[in-house]
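Listed below are the residues making up each chain.
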Amino acid sequence: MGKPGGALRRTLVTGAVLLLVGLGVQVIPKLASPAHAGSITLCSGFSDCRSKGYSTGGYESAWGSMYWRMYAGRNCTNYVAYKLIQTGLPNARPWSGEGNATNWGVVLSRMTNRTPTVGSVAWWHSSHPSASRFGHVAMVEKVGADTITISESNYGSDISWRRIGKDSVNYPTGFIHFNDQRLSVTKRPTVEGTAQVGKAVTVNTGSWSPNPNKIRYQWIVDKKPIPGATNKTFRIPGHLAGKQIAAVLTGTRRDYSEARTMSEILPPIKQGTFKVLAQPKISGTQKVGSTISVGGADYEPSAKIGEVRWYADKQLITRTKSRFLKVPAAASGKRIGAVVVGVQVGYRPKHSYAFADTLVGGGKAPQQPAEPPSGGELAQTEAGFVKGGTRLGGLMQVDPGGFSEAVDLSYQWTREGTPISGATSNKYYPTEADVGRRLSVTVVARSSSGQSLTKTYGPSGRVRVKPSVKVTATGGSREAKVAVEVIAPGYLPTGTVKITTNGGRTVTKTLSGGKAGVTFVKLPAGEYAVTAAYSGDEVAYWASGGDFTTVN
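Residues numbered from 1 in each chain as written. Predicted model: local features only at pLDDT ≥ 70, side-chain atom pairs only at ≥ 80, totals over all residues. Heavy atoms only, no water.

This part takes up the pairing of strand S28 (residues 396-399). The side-chain alternation of S28 yields two buried faces, one formed by Met396 and Val398 and the other by Gln397 and Asp399. With three bridges connecting them, strand S27 (residues 385-387) and S28 associate as antiparallel partners. Following the sheet pairing, phenylalanine 385 is matched in S28 by aspartate 399. In this sheet, strand S32 (residues 427-428) lies alongside S28 in antiparallel orientation, the contact comprising two bridges. (Buried < 20%, exposed > 50% of the residue type's maximum accessible area, 1.4 Å probe, protein only. Helix = DSSP H or I, 4+ residues; strand = E, 2+ residues; numbered from the N terminus. Pairing = 2+ DSSP bridges.)

Written as structure tokens, this is what we have:
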């Protein structure tokens, strides 16, 4: 018998293809010729690619095996599955159904976009002008500004490498992101230095794999960039007192997806401290009715006068912002003294002091005291405040502010006005009992002279909590039942959840007792990912969760 004719050969080939597709096995004819404008073949064949320095990935000794249940041999899907397994993925197809390349980006639509990254899968749908009716897949090896470089194995051909321009007819339909090659941070960066106004802090680079070619730095406060703070070292300005800062590092390397990491969050920034370089001096005629002045105080860093307290011996005459004083009759025969309070945003007030050389009305003053005058009413010279977030387990801390003289401080935190047992330090970590409640703190300052000053800060906003979302999806015959429960310590969340399937169906349900549910019907058979996004309320933050199920 002679050889079969052309019609019979076509029938046999078509039957073989249908049989293999029916088995869920990939058969890919060779992709349309890469000779189109904007597409350049860099090497073709195992030996040619090796000789030109392009990796074959060991596929020449592996193509005889099946990967992800794809058709063994030199074809695109088996090659790409093999390459992905080399990155650590298991040898199990991550979806059910046919393995034809055109189906990859459809069934894996949630992982597919138009952004190429090294290690992603270039995907051509069967409707693509340069692909066959079975589609095509390849590995992205390099990403340039206007090109991508891929490695591939077309049906019946050895491995080849191509460079494709973004304007080429051969440019892929999309890119599937399984296990992209990206920079990874192996050790989180830390910060050296003291979190205090006027001090410099420096972030180290941490450890990366592989090492990035470049690292960009950005210091942040309250999750927002600090303008101009883009170096490793940052000198803390006064307006950040009481805030918490961190450094965000972005690493980049050619052919890799960039990676971003954040350093530790520093504790609340302490106020800066002044150093008195020179004490002030009192000038002018020491007699009743004359005007005298105080000046010449020198601080590091520079400061302005926040207050001047004038004394006659130990008796307070006045408190003013002026450097000048008209000597009153009550000061006759006494020695004038002045305390100058230096201030600057973010710094604790610093006292400097001066004494007149003579008594008012004449007579040499005794030896100048070594200490400034004391006396006067205890006063708060700088407002206090509470810093930190009102959330379960977070740190709340009170800065008591500044006072006109040395004081001893005591603290009491309260919940809705009721004292919290044991909460008597300047720090407090909200507990489950505080969730949904408002907190305050009372600070009592006592001077050595027995005076006291009480300040209360609060109430705060309600203490918030991060919930968890539990999703249970149960597949059946053309349907999937979904149960959602939002759980939060010490609180029953309210609000809504948006429930979505990867088939694009979405419903919004209101929680009842922290729970909600829905049944999706008339679903095509297949694998489904179900997600639930909780909207949050005034106490519980936003959160989400998900589950997988199979619909028959």
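For the rest of this paragraph, the subject is the pairing of strand S36 (residues 479-487). Going residue by residue along S36, you find Ala480, Val482, Val484 and Val486 tucked away on one face and Glu479, Lys481, Ala483, Glu485 and Ile487 left uncovered on the opposite face. As paired elements, strand S35 (residues 468-475) and S36 share eight bridges and run antiparallel to each other. Of the residues in S36, the one forming a bridge with serine 468 is isoleucine 487. Connecting S35 to the next strand, S36, in antiparallel fashion are three residues, including arginine 478 with a positive phi near 60°. With seven bridges joining them, S36 and strand S39 (residues 515-521) adopt antiparallel strand pairing. What sits directly across from alanine 483, in S39, is glycine 517.

With antiparallel pairing, the four strands of this open sheet are ordered in space as S13-S12-S15-S16. Each end of this open sheet is capped by a strand with a single partner; those strands are strand S13 (224-225) and strand S16 (259-262). One ladder, built from two bridges, connects strand S12 (residues 214-221) with S13; its direction is antiparallel. Residue pairing across strands places isoleucine 220 opposite proline 225, the latter belonging to S13.

In this section: helix H3 (residues 76-86). Buried residues dominate H3, accounting for 10 of its 11 residues. Positive phi appears at glycine 88, one or two residues downstream of H3, with a value of about 115°.

In terms of nonpolar packing, the biggest core is built from 41 residues, with Trp219, Phe234, Ile245 and Trp310 touching the most fellow members. At the level of secondary structure, the elements contributing two or more residues to this core comprise strand S10 (200-203), S12, strand S15 (245-252), strand S19 (291-295), strand S21 (304-312), strand S24 (335-343) and strand S25 (350-359). When residues of this core are assigned to their parent elements, the largest contribution, four residues, is made by S12. (Core = buried A, V, L, I, M, F, W, Y, C linked by side-chain atoms within 4.5 Å.)

Attention shifts here to unusual backbone geometry. A cis amide bond links glutamate 300 with the next residue in sequence, proline 301, at an omega value of -5°. Relative to the elements of secondary structure, proline 301 occurs in the loop between strand S20 (298-300) and S21. With omega at 5°, the peptide bond leading from glycine 458 into proline 459 counts as cis. With respect to the element layout, proline 459 can be found in the loop between strand S34 (452-457) and S35. Phi angles above zero are rare outside glycine, and lysine 223 is one such case at about 70°. By secondary structure assignment, the location of lysine 223 is in the loop between S12 and S13. The exposed category is assigned to lysine 223, whose relative accessible area is 81%.

Read these as layout, nothing more, since geometry by itself doesn't imply function.
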